[in-house]
Each structure stands twice: as C-alpha cells, then as structure tokens.
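Reading the structure
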Amino acid sequence: MSEEKYVPKSKLARWFDSRLPLLSLSHHLTEYPTPKNLNYWWTFGGILTFFLIAQIVTGIILAMHYVANTDLAFDSIEHIMRNVNYGWLIRYAHANGSSMFFLAVYIHIFRGLYYGSHKPPREMIWITGLIIYLLMMSTAFMGYTLPWGQMSFWAATVVSNLFGAIPLVGENITAWLWGGYSLGNPTLNRFYSLHYLFPFLIFALVVLHIWALHVPGNNNPIGIDVKKNRNETMSFHPYMVMKDLLAMLVFILIFLGFVFYAPNFLGHPDNYIPANPLVTPAHIVPEWYLLPFYAILRAIPSKLGGVIFMFASIFILVLLPWLDTSKVRSAVFRPLYKKFYWVLVVMVILLAYLGAKPPEGIYVILARIATAYYFIHFLIILPLLGRYEKTSPLPTSISDPVLDKLSIVDKFKKTAAEYEGENVDTFK
Amino acid sequence: MNKKIHSKRRSFLFTATYTIGAVGLGATIWPLVDQMNPDSSIKSLSTTEVDVSNIESGKTITVLWRGKPIFIRRRTKKEIDEATKVDLKDLIDPEKDSDRTKNPEWLVMIGVCTHLGCVPLGGKGEYKAWFCPCHGSHYDTSGRIRKGPAPKNLEIPKYEFVDNNTIKIG
C-alpha cells in the first residue's frame, strides 16, 4: 500500500520503465488500495469487464462467419448455428452474454445509487459510466438487428423512427440513418460496421472510468472517506482480485445455465422468422433490458413527447450528482432515502413489466403512474431529501461498525459466562 | 511599424486561418456524412405499376414501393359513406376524404404507421379499418388517425391511374 514512487529492482526493468512506465502502471493496479469493507455488490465491475471481453471475443469469431447482406444474413446465422464447429455455442454465448452484461450493469448502477457512489468527488466516474451505458444500449440494439429476423427488422424500424419525431429534420435524419426510404441493405451494413466499432469505444471509456475511479479511490458501503494510513485499505491484488473472481465464477454459472439449458429464454421466437417488411408481428417488444424505456415511450400519448421523455429518463441520470444534494453518501445512514430507493427499484421493475405488455387499458395507466414517479423521484424527492432528511450519525471510521459487532460478541460471551458459570474464552 | 499594428495584423491572420480551417474541415467531413444518405440506385427505384383489375370490393392488396408496403383498397359503399360523413372537427389531423383519394372507390396509401413505422393490421380497431399493433393507433376507413399515439394520417403516396386497371405509384 506504499504510496511512494515505485522503482523496479533490475537494471533492465528500470531502463524499460523509465521509457515506457508499464511496470509502474501494473504496480499501481496491483497495489491499488481498496477499502477493506467492500461487499459483494462491489464485484460487478470485475464481472462487467469479463463480459465486455467475452462479448468482444465471441463477436469477433461470429464476424468470421456472418454475412451482412439482407438476402444472406438470416441464412448465415442458421449456417453458424448448424454448420460452423461450435457455432451454436459461440452465438448463444454472445446473445445471452449481452443479457448478462446488462443484468450486471443494472446491479452495478443500482449499487451506485444505494451507496451514493455518484456523489462528490466521484461525479466523473458516474458520468463516464453513463456514457458506457448509452454505448452499450446502442451496440446491443444494432447487434439485435443483424440476424435480420422479424423482431430484428421491426425493433430497428421502431427505434430508428424515434428520430423521425424530431420536428422539421426528422424525416431527413431517418433517411440518413437508413440510407434509403426504409430499413434495408445499407442499414444492415452500417449497423454491422458500427456494432463492431462500438465495443472498442466502450473499452476506451472503461479505461477512463477506471482512471477516474483511481483518482479518489473506491466508495464503500459506509460511504465515508477511508484513511489509507490506518489499515483501512487492502491492496487490490490479491484481496479484491480473489473476491472478484469468486463472484465472477458464480455469475458465470448463471450465464452458462442460460447458454446450455435455456438459450432462447430471453429471446423472441419471432426472430426465427426471416424479416418481412410487409408484416409487423402482432406483438413487438424490445429485448428485456430496454423494456423500462419502452414503457416510458408508450406512456406519453404524443409521438414527440414520448421520445423526449424516453431520452430524458436517461439524461436525468447525468444530473443526478447535483440533484441528490444530501452530504451523506450511503443509504445506510439515510432512513428516508433508503425507502424511496426501494420504491424506485420497484417502479423500474414495474415499468419493465409494463413495457412487455400490450399498450391498452390498465397497463397504460400504470405506465403513466410509474413514469411520473420515476421523474418525481429524481426531480423532487431527491432535492427535498437533501434538504430535510434527518440522517443517522456517521461512524468516524469504516472500522467502527465492525468493532461494534465485535463488542456484541464480547457482551454475548460475558452473558454466557455468567449464565453457565464457566470460562467460554474458547468461543470465537 | 509599431506594436499595435503588429497585433492587429496577427489577430486578423489568426481569424482568417481559423475560418479557412473550419471551411476545409467542414468540406472534408461532409462526404463522410453524406455517404450515409440514400444513394442514386435507391433513388432510382421510384415507380411501381400495379394491376388492380382483380381486386374485389372490400378487399385490400399490399405492394412494396421503396421498401415500404402500399395498401390499395377497393372500398365498399359503406366505408366511403363512413369516411365522408365524419365531422372534420373530430379528427386529430383534419383532412377531407375527397382530398385523400382520386376516385373514392380506391384508397391508395403508404401502409406505415405514422407513429413509429409499424405496418397496421387491416379490418381491426375501433373503426374496423386499420389498427397498429405496436402502440395502439386506430385509423378510420380513410386511413385517418382517430385514436392513439400516431400524430398524422396514413400518408398518401404520389400515384396516378394509368388506365382503369393500372395504378402507377411514384
């Protein structure tokens, strides 16, 4: 955990490191001090890194067999599934990998919301994270178009038509996105090109995200600053690495469960029908991870309004560090925020459920209520809580809550000893 | 020459350089952006001729034009009456039925929902005409939006009757 400047031992290493400081970088990364009280919710950064790399690797392999042409795309996917050695495995890993990637990113985001990881001085970590999230959504959307099935075609049609809602230039923008008057071969080709590019942009932003993280260091469940000189931190390697690896293995087990036992569970059967521009499937829905936004889009009874609210629901998160004005980071010490946090979680899950339902009757009304609550949470409740919430007293050190628990054990030992009239020092 | 003139000259040169630089940058970027617009081969596929002699009253055919479905419906007397009787004040996007057809019997329109581009289903919805399953827009027997999130009536393409049995779209 030494903060002093790193000097490699051998002469050759010193020569190399003074010209290209990769050894210093690697030393910084392994010795990077992490708070000792990080819980398992902090392992999702590692899980996300794994999935980014897994998606890039499986994607590069799929690109060796896939053909981006409207006449051939669907058949080339079937070719991958039936003929290419292990093609089925790689495609199912890629398709389910994206779902797992989003599951992990949602847990990661909601962990940040709970423990106040978006608050000063970590605003730039939060904002680079949101840019990554936006890039992830566009990458996933374009990737979903590539098989050129019915769901691919109509999901892409609906999403690109969102831009048609922009006044005056809307139609020009959709024609520019499509490269035609409707979704067609030029569209498929450019989506393929960008689908290949974006993961590398995400990778670059992940570097910035981690760089921004390494300036102030990790937040922690208690949410107060750690004191590096008081044994409150541990080096990233091996301690956090091992914890991350364990969580990653458990998460990968769930992922492989989907890949091997329910590879199409999260997909839509309609996407095994080749794209047909004359027939829209009776019930079109986006992939599950976009459902809350889809519900917001449909909740507003106006085309432009729906689009504005949908984009606003994401961009409002950029402002979160300034809307959530409470000086206390962690929800552990914010009794009211904790309640509203869980209401928000329920509302987002409700929106996801409603996004998958047809836009009629009670579903529309519920979607409007949930959409309204989503915005009220960020625009009204959070600023008010920052001003009026009475927070619990903060411990002076991240070690305190642990030491408090120890004293409970001590008390128990004492009572037990009194009760049994014997020495129970062996109890540990 | 004194210092003042020097600095004036210098700032003029800076501004001129930035301006030329910005124009050059714009001219360089434009081809990179414009390549994504519809190309000549797509623009040239602009007309389709359709034989409508086999369509009976109350039936619709769907043909593809510029990658989009075109509905051609031979309307029944009842449908035409419904479409013409509606008070314009009741419409979201007011338009007379007679402005939407060249011959009231034939309704020719782009079968793309003006909300987010799905293909509406025929004979469905509150007006037993067209209903978009994606986000629940109802259209009447003239293809006008009556209920739901779509902002506009179904679009009428440019078309003409070449003879009694043939429609040329585009």
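Structure report, in brief.

Parameters and conventions
Residues numbered from 1 in each chain as written. Chains lettered and ligands numbered in written order. Predicted model: local features only at pLDDT ≥ 70, side-chain atom pairs only at ≥ 80, totals over all residues. Heavy atoms only, no water. Disulfide = S-S within 2.5 Å. Helix = DSSP H or I, 4+ residues; strand = E, 2+ residues; numbered from the N terminus. Buried < 20%, exposed > 50% of the residue type's maximum accessible area, 1.4 Å probe, protein only. Core = buried A, V, L, I, M, F, W, Y, C linked by side-chain atoms within 4.5 Å. Contact = heavy atoms within 4.5 Å. Pairing = 2+ DSSP bridges. Axes fitted to C-alpha atoms, helices over the stretch in contact; angles between N-to-C directions. Buried area = accessible area lost by both parts, 1.4 Å probe. Salt bridge = Lys/Arg side-chain N within 4 Å of Asp/Glu carboxyl O.

1. Structural notes on the state of the cysteines
All names here are of chain B. Applying the stated criterion to the full structure yields one disulfide over all chains. The disulfide that involves Cys118 links it to Cys134, with 2.1 Å between the sulfurs. The sign of the S-S torsion, about -100°, decides the handedness of the disulfide formed by Cys118 and Cys134: left-handed. Pair noted here: Cys118 is in the loop between strand 4 (106-110) and strand 5 (121-124) and Cys134 is in the loop between strand 6 (129-132) and strand 7 (137-139), with a separation of 16 residues, a long-range link. For the pair Cys118 and Cys134, one class covers both residues: buried.

2. Points about the nonpolar core
Of all hydrophobic cores here, the largest spans 118 residues; its most connected members are Phe102 and Phe378 of chain A. The contact partners of Phe378 of chain A, leaving out residues within four places of it in the chain, are Ile316, Leu317, Leu320, Leu323, Leu344 and Pro383 of chain A. Judged by nonpolar contacts, the second largest core, of 14 residues, contains Val63, Ile72, Trp106 and Val112 of chain B.

3. Considering the sheet that holds strand 9 (residues 159-163) of chain B
In sheet architecture, strand pairing relies on hydrogen bonds along the backbone and comes in two forms, parallel and antiparallel. Residues and elements named next belong to chain B. The strand order across the open sheet formed by three strands is 1-10-9, and the pairing between neighbours is antiparallel. Looking at strand neighbours, the two that pair on one side only are strand 1 (48-51) and strand 9, the edges of this open sheet. Averaged over all neighbouring strand pairs, the angle between strand axes comes to 25°, with direction disregarded.

4. A look at the interface of chain B and chain A
Contact with chain B, which involves 27 residues of that partner, is made by 26 residues of chain A. Around 2300 Å² of area is buried between chain B and chain A when both sides are counted, 65% of it from carbon and sulfur atoms. Its largest share of buried area at the contact with chain A, chain B owes to Met36, Leu116 and His135 of chain B, together 27% of the area lost on that side. The tally of links between chain B and chain A comes to zero salt bridges. Elements with a contribution of two residues or more to the side of chain B that touches chain A: helix 2 (40-43), strand 2 (59-65) and strand 3 (68-74) of chain B. If one sorts the elements of the side of chain B that touches chain A by residue count, strand 2 of chain B sits on top with three residues.

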